[in-house]
Every structure is written in C-alpha cells, then in structure tokens.
Amino acid sequence: MSDSNQVKPLSVKELFDSKTQYVIPIYQRNYAWGATEIEQLIQDISDAAGLITQADETVTTEQAEYYLGSLVVYQRTTHSNQSNVVYETIDGQQRHTTLSILLAYLKHSQVLEDNKLEGLDINLTFDSRPKSARALEAIYTGKSNGELEEPNIHSASKTIQSYFKTKGLDTKEKTKQFFEYLLEKVLILRVVVPPQTDLNHYFEIMNNRGEQLEKHEVLKAKFMATLDNDKERGCFSTIWDACSNMKRYTQMGFQSDLRKEVFGSDWQTIPASFEAIQQKHTYKRQKADAMTLREIISNKTSSSNSDDEEREKEEQFSSVIDFSNFLLHVLKLMPEHRSTSLDDKKLIDAFISKDDGLKVSAKVFVYELLRYRVLFDSYVIKPDQHDEKRKWSLLRLNAYKYGNSLSPDYPNAFNSDQNEKIRMILAMFHVSNPALVYKRWLNDTLRILNALVTDNDRLEVGGSSYLSALEKLSDKYFDEICNESQLEYSENNVGVLHQGTGVQNFVFNRLDYLLWSRMSAGEMFGGENKSEVKGHFNEFQFALGRTSVEHHFPQTDPSGASKMKDVDRFGNLCLISPSSNSRLSNYSPQDKKKFYQESKRAESLKQAIMMSYEDWGPEGQGLENIKNHEKEVIRVLRN
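Here the residue index of a chain counts from 1 through its sequence in written order. Residue-level local features of this predicted model are given only where pLDDT is at least 70; pairs of side-chain atoms are given and counted only at 80 or more, and the full residue set underlies all totals for whole chains, interfaces and linings. The side-chain figures draw on all heavy atoms in the structure; neither hydrogens nor water molecules are used.

*Asks:* Even after reading the chapter, I still don't get the overall build of the protein chain, so can you show me in this structure?
*Replies:* Labels follow the DSSP assignment, with helices taken as runs of H or I lasting at least four residues and strands as runs of E lasting at least two, numbered in each case from the N terminus. Helices and strands together make up the secondary structure of the protein chain, namely 26 helices and 12 strands. Throughout this description, buried means an accessible area under 20% of the type-specific maximum (1.4 Å probe, protein chains only), exposed means over 50%, and partly exposed covers the range between. Residue burial in the protein chain is summarised as follows: out of 639 residues, 51% are buried. Note on contacts: a residue pair is in contact if any heavy atoms of the two residues lie within 4.5 Å. Nonlocal contacts in the protein chain, meaning residues at least 24 apart in sequence, comprise 73% of its contacts between residues at least 6 apart.

Dropping the structure here:
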C-alpha cells in the first residue's frame, strides 16, 4: 500500500462511498455521544459554512475547507469475490456514527437533488452489535418496527432534528447550504495503519501518547515574550498557571506565604494592579534567595507540612468551562474587545493581530484574568461532586473560617435562601446551553459580578443585588425570544412558544426556575393531584442532558385516532432527556405517568404539573386541561 493511500483527506461525500465499508470491531464501546457533543459538531460545521446564528457573534464568511478530525482504520483482508474495500475502525467511531445520522437527516430533508446523493450510503456496520446496525438502518430508511433499539442512536437523531429547528437551520435554503458544504468542503483525515501493525500495541501507544502543545500554552509564551525582565515574567507565569487549573480555587495555585500577601488573611482581597502583585512576588523571591541553608530547611519543613495539610483539605471540583474558553471570556469583557468570538478554535486569532502583535497588554490582561477568575470561583456554580441529588454547588473558599482548615462555604454576603436561588438560576442558564462555545450567559454573569463589586480591594458581591440582576438577565433573554403577542395560542398566530420541537430549551428551563421559585414560596400548581407535584418539587434539580422536547399527548395517537390538531401548542410540551423521549415517544399520557410514578421522578416541574391532571388529550376535558395548564404556565413565564 502506498503512503498516499495510508493518509488521505476525504470529503464527507467520499467517506460515505457505497463501495467502501467501515466495521466497528467487537472491542469498541457503544455509541455514546450526547447532545453536547452532537450540537458542538453541527455548530462547528455551520460556523465554517458561514451560517452563524448567534445574536452576539459576527457572521463569518465560508471557509474554503474545514477539517473535522481523523479516522484511524485498519484494512481488513477481503475475499477475492468481494468488491468492497473493508476497513476496521480503530479511532473515530463516535464522529463517523454521528455523520451517518446527519446523512439520514439530509436524506429525509429532501433539499438536495437525487444526483448529489447518488453513490452515498450508510457504510458503517458492527461486528457484534446488530441492534446498532438496525437502528442506523431504521433512521436512514425511515422504516421501523415500532421498537426503538439502541436509544442513544435514536436520541442522536432527535437531537439533530431539534437543533436544526431551534437554531433556524431547518429552512430549505439553510439546510441545503449546510449539507452542500458538509458533503463537499468538510474533510476527515483517514489514516490507514500498516498491515503488519500489532493492534494491541497500537492501542497502548494511542492511550499513552503525549499531547501536543495546547493553544493557551502557545498564547502564554507569546505574552511572556513581550515582558521586559525575569521579575515580570515570573509574576506573570505564577498568575497564569494559578488561573489555568480550572479544577481548584485560584488562590491554591499560589505558594502559601505569597497567597496571604496577595489575597489577605481570608484570601478575598486583591491588589490594585499587576505591578502591586509583582512587588509582593519579587519580595518573596528575594527573601527566599537571602535565606541561609538552615532557614531554608526549617522553612521548607514547616511550609511543606502546612501546604500538604491545606491541599488535602482543599476542595477539588470540575468546572462549567475550560481555560481556553475562559481566556476568551476575559478578553470579551474588556471594553475595547466586546466583539470577541467565544469560539476557542479562534483563540490565537482573538489575541494576535495580523502583524503578529498582541491586541492587549500582557500585564493588563493577566491582572483582569486573575480578578475574573476569583469572581468565577466565588460566585459561579460548579458541578457538585459530593451530592448527586444537588447536581450543582455554589461555594466560595473562606480561609480558616472554622479554625485551622480550608472551608468552602456560602459567599459571606448571601443567606441560604439567596444562595439556593442563585445556584438554581445559574444552573438553569448552564443546562440551557451547556456547550463550551457561545456561553453568553457566563459572559453576562461575569460582567454583572464585576459591576456589583463596590470595594475594588475586596471581591465581595451582595446576594440580593446579584440574584436580582440574574433574574433580569433571564427576563432579557426571554424577551429576545418572543414578545407579548407571540405568547398566546391561536390557529392563525401560533407564535414561537407553540412550535413543538422548535421551542428553545431556555424557555422550558426558565419556566421550571420560575415554577420552582414560586413553589419555594408556597404557591401550588397543577390539576387534581397537586400533592404529587409537591413531591417532585422537593427532588427537582436542573440536569444536563434534558434537551429533548416531548409532546405529552403524543404526535402519533397510540389509540389509532387522528392526530391532535394543536399537538404542538406549549401547553402540551415539556423538556426531557432524548433517551426518555425515544423510549416514551408514542406512549399515552396515562402510560407516561405510570412510568414516572414507578421511577419516582419527573424530569421537569412542567412535566410534573401536566401529569397531575387526570385527563389529557385532544378533546373534551383533556383539551380543557391542556388549555388551563398553558394559561397558567404562560402567566408564570411572563413573571
């Protein structure tokens, strides 16, 4: 086999050549991509195709080509009478499967002429998973026996349909532009490993290979190259490295003695400038250089024990964002850079001008980075790794609050009620748009926090003013989606709330937050069985993965009657996980209610309220209940 065949860029159209077959071997895991990864893939392609739809982003021109990644394969030996080339997929199964489901969506959208689809086919098969093969076949042909096998694959199909609709990509013109670009301009690098490759050894190499230098590390080097001396570079590096670890509180990235100098005894103050931090940083280094050998040994022993004790008790956590994206947020928060894209693929371009110079001073930027990172640590939610039921935590690092230990706790200016509401509304924002790219809510939240700091020496924010600003931000986002005239349902003007799967996730999540807030104050909602709603309220948390709009009375009537005339109206909709939607798609409201009663959970408060009604359907009391529920929740949405 020639080298040119071993590494070859393929267009998506060439990838799905019906004369080539790709087999997923028995040792590969099942298809596991969820809404976050799928939506990110579609967004990346639509960006490259010049189809950006975000209000705060500058529309880009179409890229000549877009590389999607690599597909590592091993060519299998075929029988002499077999004309197809067969490859065993080693790496790239998740991306290839998602592209296959996208191809099925293209086929059924019927926006391209048949000749452009000629010779294309789902060419992905599985050595040991016939259910996966049948699921792909059912999606591609549109034929199903009514039993949904491989829920993750069917969920991916629903995610794609919903994403195209909610992002305005489902018009004939935009769908055609997207798929023409996908087939012809999106490339994937197929890497064929040599025939004599020991696949077990290859996997070992893949799993232990060193990672290439990340873009933010390249950016750090470019910043440091502009500084005048080692003192400035040392201070810059200390701040940058402390901020870059998104899995611990920023203060813990500083040595203990410098930490107290920079952040004060309770670790909540901040010096006025980079120069002020550098002065403390230089003093500590000079003091260390002047120490005798006996002092060094003595100091190392005491400080090492102290640091070890602190680090053992240090709160470790995961983050709603990574460091590269956080750098872009900080840049976008600076007045002269508000047009900055939050797409980390453009990280270097965001900071480096065409003449290869930096768009912002290294000292100014790293100081703003530290300031916003401390605000982020103190006042933005984190996934809760200690309490699965709560999902999210909102704790700030308070040094030695309860004696000689680290004590993450409520921010000082918050009472427990404020902390809980702020935790919930931030979770509402996050689950509405979990992808790292385009986290507009986080940028707006950081801007709010910075504006609410009244003492520049202390990064303190009041709970009441913070909660009020976040709720106003929710109102603003909702007003951007729909105006007053679009809320009510009518046959002539259904409005944006009554579009079935086209209703944006944020609308449902905002409603759940407002319902939760009112129920926390004692208000009751629902039909004949309000007590059941109360039970679901006590357990309710915002969860990632709730991305699929469900019709509580199904689009296909399980009784065989004609389709409900206004099945897409908001009163009949709620938000659940794609896997639940696939499983329960054609269940009657009564059967859905039974399923959730057995599992003792509802996926949303709106869903719990809908299930509290005895009758739910296209006529009679069932239709009246839908209308009454719709009127009630729209009143809540108006806030």
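*Asks:* What am I meant to see in the pattern of salt bridges here?
*Replies:* A side chain of one charge can pair with a side chain of the opposite charge if their charged atoms are brought near each other. Should a side-chain nitrogen of Lys or Arg be within 4 Å of a carboxyl oxygen of Asp or Glu, the pair is scored as a salt bridge. The full count for this structure, using the stated rule, is 25 salt bridges. One salt bridge connects Asp 343 with Lys 345, and the closest N-O pair in it is separated by 2.6 Å. Salt-bridge contacts for Asp 444 lead to Arg 440; the nearest nitrogen and oxygen are separated by 3.7 Å. Here Asp 444 pairs with Arg 440, and both are found in helix α19 (residues 440–452), just four residues apart, close to one helical turn. Residue classification places Arg 440 among the partly exposed positions, given a relative accessible area of 23%. Residues participating in the shared-partner salt-bridge network are Asp 44, Asp 343 and Lys 345.

*Asks:* Help me understand the pairing of strand β12 (residues 573–576) in this model?
*Replies:* For a regular strand, the rule is simple: side chains alternate between the two faces of the sheet. Side-chain alternation along β12 places Leu 573 and Leu 575 on one buried face and Cys 574 and Ile 576 on a second face that is also buried. Judged from the four bridges that link them, strand β11 (residues 548–551) and β12 form a sheet pairing that is antiparallel. Bridge pairing in β12 places His 551 opposite Leu 573. Here a strand pair is declared whenever DSSP counts at least two bridges between the two strands.

*Asks:* Hey, could you run me through the packing of helix α15 (residues 323–333) against helix α17 (residues 362–379) in this one?
*Replies:* To characterise two packed helices, one gives the angle between the axes of the helices and the distance between these axes. Working convention: axes come from line fits to C-alpha atoms, limited for helices to the stretch in contact. Angles between N-to-C directions cover 0 to 180 degrees. It is at 10 Å that the axes of α15 and α17 come closest, and there the two elements cross at 110°. Judged by the angle between their axes, α15 and α17 are roughly perpendicular. Every pair of crossing elements has a handedness; the one defined by α15 and α17 is right-handed. Contacts between α15 and α17 involve Phe 323, Phe 326, Leu 327, Val 330, Leu 331 and Leu 333 from the first element and Phe 365, Glu 368, Leu 369, Tyr 372, Arg 373 and Phe 376 from the second. In this classification, the charged set is Asp, Glu, Lys and Arg, the nonpolar set is Ala, Val, Leu, Ile, Met, Phe, Trp, Tyr, Cys and Pro, and all remaining amino acids, among them Gly, are polar. Partitioning the contact of α15 with α17 into residue classes produces 10 nonpolar, no polar and two charged. Oblique is the label for any angle not covered by the other classes, which are roughly parallel (under 35 degrees), roughly antiparallel (over 145) and roughly perpendicular (65 to 115). Here a crossing is taken to be left-handed if its near helix is turned anticlockwise relative to the far helix by less than a right angle, and right-handed if that turn runs clockwise.

*Asks:* Explain the environment of Lys 594 here, please?
*Replies:* The residue Lys 594 is located in helix α24 (residues 589–599) in this model. For the pair Lys 594 and Met 611, spaced 17 residues apart in sequence, the C-alpha separation works out to 9.5 Å.

*Asks:* Hey, could you run me through the packing of aromatic side chains in this one?
*Replies:* Pairing of aromatic rings covers Phe, Tyr and the six-membered ring of Trp, with a centre-to-centre limit of 6.5 Å; geometry is then stacked below 30 degrees between planes, edge-to-face above 60, and tilted otherwise. Under the counting rule described, the total for this entry stands at 25 aromatic pairs. Between Tyr 22 and Tyr 87, the aromatic rings sit 5.6 Å apart at their centres with planes inclined by 25°, giving stacked as the arrangement. You can see Tyr 22 sitting in strand β2 (residues 20–24) and its partner Tyr 87 sitting in strand β4 (residues 85–91), a full 65 residues away along the chain. With respect to class, Tyr 22 is no different from Tyr 87; both count as buried. Aromatic pair Tyr 613 and Trp 616: ring centres 5.7 Å apart, planes at 55°, arrangement tilted. Ring-pair connections join several aromatic residues into one group, and the members of that group are Phe 223, Phe 236, Trp 240, Phe 323, Phe 351 and Phe 365.

*Asks:* Explain the sheet that holds strand β5 (residues 124–126) to me, please; I cannot follow it from the model alone.
*Replies:* Across a sheet, paired strands are connected by hydrogen bonds in the backbone, their directions being either parallel or antiparallel. On the basis of which strands lie adjacent, the open sheet formed by six strands has the order β1-β6-β3-β4-β2-β5 and mixed pairing. Each end of this open sheet is capped by a strand with a single partner; those strands are β1 (7–11) and β5. When the angles between neighbouring strand axes are averaged without regard to direction, this sheet yields 40°. Of the strands in this sheet, β3 (66–75) and β6 (186–193) are in contact with helix α3 (residues 35–48), which crosses β3 at around 125°. Packed on one face of the sheet, helix α4 (residues 93–109) meets β2, β3, β4, β5 and β6 and runs near 115° to β3.

*Asks:* When you look at the confidence of the model for the protein chain in this model, what are you seeing that I'm missing?
*Replies:* Where the model shows low pLDDT, its predicted coordinates should not be examined in detail. Every residue is assigned a pLDDT by the predictor, reflecting its confidence on a scale from 0 to 100. This prediction gives the protein chain a mean pLDDT of 83; 84% of its residues lie at or above 70. Below a pLDDT of 50 lies the segment residues 300–314, which in the model reaches 21 contacts outside its immediate sequence neighbourhood of four places, other chains included. Within the model, the stretch residues 402–406 combines pLDDT values under 50 with 14 contacts to residues more than four positions away or in other chains.

*Asks:* Would you explain a negative patch on the surface in this entry?
*Replies:* Patches draw on residues past 30% relative accessible area with no salt bridge. Two like charges within 9 Å are joined, as are two nonpolar side chains (Val, Leu, Ile, Met, Phe, Trp, Tyr) within 5 Å. We get accessible surface area from the Shrake-Rupley algorithm with a probe of 1.4 Å; when it comes to residues, only the shown protein chains can shield them. Residues counted as positive are Lys and Arg, residues counted as negative are Asp and Glu, and His and the chain ends are not counted. For the purpose of locating charges, the reference atoms are NZ of Lys, CZ of Arg, CG of Asp and CD of Glu. There is a patch of like negative charges on the surface, built from Glu 528, Glu 532, Glu 614 and Asp 615. Looking at the element boundaries, Glu 532 is found in helix α22 (residues 530–539).

*Asks:* Hey, could you run me through α4 in this one?
*Replies:* Taking 1.5 Å per residue, 17 residues should reach 24 Å; α4 reaches 24 Å between its end C-alpha atoms and fits that length. In terms of burial, α4 is largely enclosed, as 13 of its 17 residues are buried. Count one or two residues on from α4 and you reach Gln 110, which has phi positive near 55°. Every helix has an expected span of 1.5 Å times one less than the residues it contains.

*Asks:* Sorry if this is basic, but what is going on with the packing of α15 against α19 here?
*Replies:* Axis separation between α15 and α19 bottoms out at 10 Å; the angle between their running directions is 55°. Judged by the angle between their axes, α15 and α19 are oblique. Here α15 and α19 pass one another in a crossing that is right-handed. Between α15, through Phe 326, His 329, Lys 332 and Leu 333, and α19, the contact on the second element is made entirely by Leu 442, Asn 443, Leu 446 and Arg 447. Here the residues of the contact of α15 with α19 sort into four nonpolar, two polar and two charged.

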